[in-house]
2 protein chains.
Amino acid sequence: MSELKRVALKEIFKGGLIDCDATVKGWVRSVRKSKKFSFITISDGSCQDNLQIIADETISNYEEVSTMLTGTCVAIRGKLVSSGGRQAVEMQGMEVEVLGSSDSTYPIQKKGATLEFLRDIAHLRPRTNLFGAVFRIRHALSMAVHEFFNDRGYFYLHSPIITAQDGEGAGEMFKVSTFNPNDIPRDDKGEIDYTKDYFGKQTGLTVTGQLEGECYAMGLGSVYTFGPTFRAENSNTTRHLSEFWMIEPEIAFADLEEVADVARDFVKYLIGYALDNCKDELEFLTKWNKDNSGLIDTLEHVRSSDFIKITYTEAIEILNASGQKFEFPTEWGAELQTEHEKYLTDVHYKLPVIVTDYPSTCKAFYMKQNEDGKTVRAMDVLVPGVGEIIGGSQREESYDKICARMDDLGMEKEDYWWYLDLRKYGSAPHGGFGLGFERMLMYVTGMSNVRDVIPFPRTPNNAEF
Amino acid sequence: MSELKRVALKEIFKGGLIDCDATVKGWVRSVRKSKKFSFITISDGSCQDNLQIIADETISNYEEVSTMLTGTCVAIRGKLVSSGGRQAVEMQGMEVEVLGSSDSTYPIQKKGATLEFLRDIAHLRPRTNLFGAVFRIRHALSMAVHEFFNDRGYFYLHSPIITAQDGEGAGEMFKVSTFNPNDIPRDDKGEIDYTKDYFGKQTGLTVTGQLEGECYAMGLGSVYTFGPTFRAENSNTTRHLSEFWMIEPEIAFADLEEVADVARDFVKYLIGYALDNCKDELEFLTKWNKDNSGLIDTLEHVRSSDFIKITYTEAIEILNASGQKFEFPTEWGAELQTEHEKYLTDVHYKLPVIVTDYPSTCKAFYMKQNEDGKTVRAMDVLVPGVGEIIGGSQREESYDKICARMDDLGMEKEDYWWYLDLRKYGSAPHGGFGLGFERMLMYVTGMSNVRDVIPFPRTPNNAEF
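Note that the structure is a prediction, hence the values are computed from the model and not measured. (Residues numbered from 1 in each chain as written. Chains lettered and ligands numbered in written order. Predicted model: local features only at pLDDT ≥ 70, side-chain atom pairs only at ≥ 80, totals over all residues. Heavy atoms only, no water.)

Draft legend 1. Geometry of the relation of the copies chain A and chain B. Each copy superposes on the other: chain A lies on chain B with an RMSD of 0.0 Å after a rotation of 180° and an axial shift of 0.0 Å. The relationship between the two copies is best expressed as a two-fold rotation axis. Identified as the residue of chain A closest to the rotation axis by C-alpha distance is Val176(A), at 2.5 Å. Of the residues that chain A buries at the interface, 99% are likewise interface residues in chain B, meaning the two copies contact each other through the same surface. (Least-squares fit on C-alpha atoms with pLDDT ≥ 70 in both. Contact = heavy atoms within 4.5 Å.)

Draft legend 2. Summary view of empty space enclosed by the protein. Scanning the entire structure with this criterion turns up 11 cavities of 30 Å³ or more. In this structure, the largest cavity occupies an estimated 310 Å³ of space. Ser177(A), Pro181(A), Ser177(B), Phe179(B) and Pro181(B) are, among the 21 residues lining the largest cavity, the residues nearest its centre. Residues belonging to the lining of the largest cavity are distributed by class as follows: 10 nonpolar, seven polar and four charged. (1 Å grid on protein atoms, 1.4 Å probe; cavity = no way out; pocket = protein on both sides within 12 Å on 5 of 7 lines; lining within 4 Å. Points joined across faces, edges and corners; volume = space filled by probe spheres on them. Nonpolar A, V, L, I, M, F, W, Y, C, P; charged D, E, K, R; others polar.)

Draft legend 3. A look at the packing of aromatic side chains. Tallied over the full model, the rule gives 62 aromatic pairs over all chains. Where Tyr198(A) meets Phe199(A), the ring centres are 4.8 Å apart and the plane angle is 75°; that geometry is what we call edge-to-face. With relative accessibility at 2%, the residue Phe199(A) sits in the buried group. Here Phe266(B) and Phe433(B) contribute two aromatic rings whose centre-to-centre distance is 6.0 Å and whose plane-to-plane angle is 45°, an arrangement assigned as tilted. Residue Phe266(B) is found in helix α6 (residues 256-277), and its partner Phe433(B) is found in strand β16 (residues 430-436); the two are separated by 167 residues along the sequence. No difference in accessibility class separates Phe266(B) from Phe433(B), as the two residues are buried. Taken together, Phe131(A), Phe135(A), Phe456(A), Phe465(A), Tyr216(B), Phe365(B), Tyr366(B), Tyr416(B), Trp417(B), Trp418(B) and Tyr419(B) form an aromatic cluster joined through their ring pairs. Taking NZ or CZ as reference, Lys374(B) lies 4.8 Å from the ring centre of Trp332(B), over its face. (Phe/Tyr/Trp six-rings, centres within 6.5 Å; stacked < 30°, edge-to-face > 60°. Buried < 20%, exposed > 50% of the residue type's maximum accessible area, 1.4 Å probe, protein only. Helix = DSSP H or I, 4+ residues; strand = E, 2+ residues; numbered from the N terminus. Lys NZ or Arg CZ within 6 Å of the ring centre and 35° of its normal.)

Draft legend 4. Just the packing of helix α9 (residues 312-321) of chain A against helix α10 (residues 338-349) of chain A, in detail. All names here are of chain A. It is the contact of α9 with α10, at a shortest axis distance of 11 Å, that shows an interaxial angle of 75°. Classified by the interaxial angle, the pair formed by α9 and α10 is roughly perpendicular. Across the interface between the two elements, Ala315, Ile318 and Leu319 of α9 pack against His340, Tyr343, Leu344, His348 and Tyr349 of α10. For the contact of α9 with α10, the per-class residue count stands at six nonpolar, two polar and no charged. (Axes fitted to C-alpha atoms, helices over the stretch in contact; angles between N-to-C directions. Parallel < 35°, antiparallel > 145°, perpendicular 65-115°, else oblique.)

Draft legend 5. Seen up close, the interface of chain A and chain B. Contact residues are listed per partner, giving 111 residues for chain A and 110 residues for chain B. Contact between chain A and chain B buries roughly 8900 Å² in total, counting both sides, with carbon and sulfur atoms accounting for 62%. For the pair chain A and chain B, the interface holds 48 residue pairs in polar contact (both at pLDDT 80 or more). For the side of chain A that touches chain B, the element with the most residues is helix α4 (residues 129-151) of chain A, which contributes 10 residues. Considered class by class, the residues forming the side of chain A that touches chain B number 53 nonpolar, 36 polar and 22 charged. (Buried area = accessible area lost by both parts, 1.4 Å probe. Polar contact = N/O pair within 3.5 Å; in protein donor to acceptor, adjacent residues only side chain to side chain.)

Draft legend 6. Geometry of the sheet that holds strand β10 (residues 222-230) of chain A. All names here are of chain A. On the basis of which strands lie adjacent, the open sheet formed by eight strands has the order β6-β10-β11-β16-β15-β14-β13-β12 and mixed pairing. Strand pairing shows two members of the sheet lacking a second neighbour, β6 (155-157) and β12 (308-311), which therefore form its edges. The sheet shows a mean angle of 20° between the axes of neighbouring strands, direction not considered. As paired strands, strand β14 (residues 375-383) and strand β15 (residues 387-394) are joined by six bridges and run antiparallel to one another. When the sheet's bridge partners are listed, alanine 378 is paired in β15 with serine 393. (Pairing = 2+ DSSP bridges.)

Draft legend 7. Inspection of the sheet that holds strand β13 (residues 353-359) of chain B at higher detail. Residues and elements named next belong to chain B. Taken in spatial order, the eight strands make up an open sheet running β6-β10-β11-β16-β15-β14-β13-β12, and their pairing is mixed. Of all the strands in the sheet, the pair left with one neighbour each is β6 (155-156) and β12 (308-311). Relative to strand β14 (residues 375-383), β13 is paired through six bridges, and the arrangement is antiparallel. By the bridge assignment for β14, proline 359 is matched with threonine 375.

Draft legend 8. Summary view of the environment of Asp297(B). Residue and element names in this part refer to chain B. Take aspartate 297: it is sitting in helix α8 (residues 295-304). Look at aspartate 297 and you get exposed, because its relative accessible area is 56%. Once the C-alpha coordinates of aspartate 297 and threonine 41 are considered, the two residues, 256 residues apart in sequence, prove to be 31 Å apart.

Draft legend 9. Fine view of the environment of Asp306(A). Residues and elements named next belong to chain A. When you line up the elements, aspartate 306 lands in the loop between α8 (295-304) and β12. The exposure class assigned to aspartate 306 is exposed, which follows from its relative accessible area of 60%. Placed 63 residues apart in sequence, aspartate 306 and glutamate 243 show a C-alpha to C-alpha distance of 32 Å. Apart from the residues lying within four places of it in its own chain, the contact partners of aspartate 306 are Lys268, Leu351 and Pro352.

Draft legend 10. Quick peek at the nonpolar core. Grouped together as the largest cluster of nonpolar side chains are 231 residues, with contacts concentrated most on Val355(A), Met379(A), Val355(B) and Met379(B). Other than its neighbours up to four places away in sequence, Val355(A) contacts Ile310(A), Thr311(A), Tyr312(A), Ala315(A), Leu336(A), Leu344(A), Ala378(A), Met379(A), Asp380(A) and Leu382(A). (Core = buried A, V, L, I, M, F, W, Y, C linked by side-chain atoms within 4.5 Å.)

Draft legend 11. Expanded view of the side chain of Ser305(A). Residue and element names in this part refer to chain A. Here serine 305 shows up in the loop between α8 and β12. For serine 305, a relative accessible area of 5% corresponds to the buried category. For serine 305, the residues in contact, after removing those within four places along its chain, are Lys268, Leu351 and Pro352.

Draft legend 12. Local environment of the confidence of the model for chain A. Of the residues in chain A, 98% reach a pLDDT of 70 or more, and the chain-wide mean stands at 95. Under the prediction, the complex receives an ipTM of 0.97, its pTM being 0.97. (pLDDT = per-residue confidence, 0-100.)

Draft legend 13. View of unusual backbone geometry. Non-glycine residue Phe253(A) carries a positive phi angle of around 70°. Along the polypeptide, Phe253(A) turns up in the loop between β11 (243-252) and α6 (256-277). Judged by its relative accessible area of 9%, Phe253(A) falls in the buried class. Phi angles above zero are rare outside glycine, and Lys350(B) is one such case at about 50°.

Draft legend 14. How the structure looks around the side chain of Glu396(B). All names here are of chain B. With respect to the element layout, glutamate 396 can be found in the loop between β15 (387-394) and α11 (399-408). Buried within the structure, glutamate 396 lacks any salt-bridge partner; lysine 368 is the closest side chain of opposite charge, at an N-O distance of 4.4 Å. At a separation of 2.9 Å, a polar atom in the side chain of glutamate 396 contacts the main-chain amide nitrogen of glutamine 369. (Lys, Arg positive; Asp, Glu negative; His and termini not counted. Salt bridge = Lys/Arg side-chain N within 4 Å of Asp/Glu carboxyl O.)

Draft legend 15. Spotlight on the packing of helix α5 (residues 210-220) of chain B against helix α12 (residues 417-424) of chain B. Residue and element names in this part refer to chain B. As a packed pair, α5 and α12 sit with axes 10 Å apart at the nearest point and diverge in direction by 35°. Every pair of crossing elements has a handedness; the one defined by α5 and α12 is left-handed. Contacts between α5 and α12 involve Gln210, Leu211, Glu212, Glu214, Cys215 and Met218 from the former and Trp418, Tyr419, Leu422 and Arg423 from the latter. Tallied by class, the residues present in the contact of α5 with α12 amount to six nonpolar, one polar and three charged. (Left-handed = near helix turned anticlockwise from the far one by under 90°.)

Draft legend 16. Focus on the pairing of strand β2 (residues 37-43) of chain B. Residue and element names in this part refer to chain B. Across the seven residues that make up β2, a large majority, five, are buried. Judged from the six bridges that link them, strand β1 (residues 20-33) and β2 form a sheet pairing that is antiparallel. For lysine 33, the partnering residue across the bridge sits in β2 and is serine 38. Count of turn residues in the β1/β2 antiparallel hairpin: three residues. Relative to strand β3 (residues 51-56), β2 is paired through six bridges, and the arrangement is antiparallel. Counted as the bridge partner of phenylalanine 37 is aspartate 56 from β3.

Printed below as a string of structure tokens:
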């Protein structure tokens, strides 16, 4: 093929490239053949739109070109012209080179593949319009995360993945080891001798980077993590992954109000970023599924809304005054369940809601204790349609109080010596929150199964690819 | 304290905030007491510079203030005034509140702590000037990675961490399991029954995201990973980590020349970004260690240099013509060792060097085979002072050729069914490379131990924090 630098379809659809020659490269979506010419549609992944190329029989390899199968990879040189079709521009093909052929066993044929089926070919699903949209949005929201925090003076922290710490004091952790399972070293008493394992102790995969985030907040001021976290729970639901990405900012000198404000601004920023940068993708998703038809309106609504802020105690009062029948109890002290959260966001307020000051019994050991002796300075952000999307808190900065709480819970303080040091030396008010990135993506894309918003999902019995 | 919104020191040193009241919060570096007033120096992590506050005896709690210990956390309200000292601005303190005290056991006293000692208190080391500098640069370079690729139309890919695949066909992997090691299920033959493990098969921690990156490049065009990768090798050196962060772009339709150009542009961009955004940090690092005095000059030199490009065969010729005595052999077919790489970059060219077309025996199975039947389209980027910093290649896109190579190496093709699918359906020329993020950070900061450029290093026998 005559040498012309490849132009991404995204550049073509931006406009301005009309009546000029160009070379495009991509994968064939369809070829419609008529007697004297064929319509070829290709995608190259750079944007949502596909390009239509008209190739007529004067092309030297017209026979080959007009019979190309879906999935074929091509390079096409031609002239870009304005079009009266669905796209403002199309190409008059002059030269077509097949870079890689396809065949009839190619699993992604034109229509009708189910999401379940596409999950089994997760290595090919990024070639579809649907998953192209989802993963371009995933990229855009990742950028948004970094831009939001960078613009506000936060530093990105790579918290450790392999850890000996169980950050939440509760999560089920994957074990990490280099032991030969057929020959595990044991001590005199027959106990496993972890001092002989790779790290000299028992280790697993992190469930949170928060504790390490606090160390860095106490040095750099404001930090955030954005990395993989793990749960070894046997949860086979549409909302759980064994491996997922989490964002955890931690802010020195912040009280709960500031933490809640940052969380609200962050959610709005991410949504606004998607609306501003992924218009074509969101429009595709809106049309793709009838249940999604209100997607863009919902996102616009949240972007421009104030968030309601109520205490847990007020939330309980609202639920009890609702006259609604709930499956789970709503007396003071009970956990807020998804049905309760949805009532608050979807029925009562029709807005995102931030609930604060939960009973200490519902929350983790590190949260700042209120004067009332019953509640902690916790905060959850609930959004319409999804429920809890962010959980956070002001942290207990008092050495004595956090020690007392750990004692109450029967925790081993020695395991947290470094975490307690933060309260011993120059302690400061501080707080932060965690956002499950895939939860946010489900909300923004309207995808209803979390396995469809992460490239290669890991769930019980599934670690393919 | 009278309510004034906290101002970060970074904002103060930007200039413009003179002769106005402000509240600052941070950690005490030192208090120098004289009869009628004290000089307090604080840092807040937002920037390299510390702020000096003059507090005189009219402050109500002057006795407490003048005896504050290093590490104390304070909030100070005062008036910002121009100064004749090292900084252009200082503060006349009006009110000082101790937020968290320190004591004489605080491990970071004024001077002289060794890097080894600070590694043992990795939870506190971000409070030092040195590690503040290093980790602000780490943040800046992370942003630079995302900006570089986003600006060029690449999509960020979160490749999986837990995997059943050994990407390189060689690396030593950490095992991931939820088996109770005291009660591992076994089949009839007494073999471990991995179908009963969490993922239904044997899994480990990823050594590379490249293969998954290729899947996405064949759909979205250009992608990059930036995530943690793992090596279970028992390497206790200043250059090896068990857990480190890697950046792996993968580019559809790219040949080796394009891959090399992107790698060169990327290295220059990262270096330029640090020079433009971390001037104070780099100046601190230049002064901190005599061996580092040329750091900024070296970085400026690389930023403005062309990169030399030679083939492996040419490199061997240069080494053999050098008259230099090397420890390791330099006949054609031998691996290039660090001593060889350093000769090329530090002695022969005094410039970064890209070496291409290595013997296939030195390189991985997936690299594109040259016509000569002996070499592959591989590429390493070598930089002065460090050696190899990037390794990459054009990938073999021919189904038949890659299968033949896998057969030669005795690899199980069934394990790679999905990877081979990429060559079966719409294969395209493509390539990419990997950059070890900590290697790059060592180069940019001049730190000589990789454990000092990652927040919480994981190495054999060390997974503390």
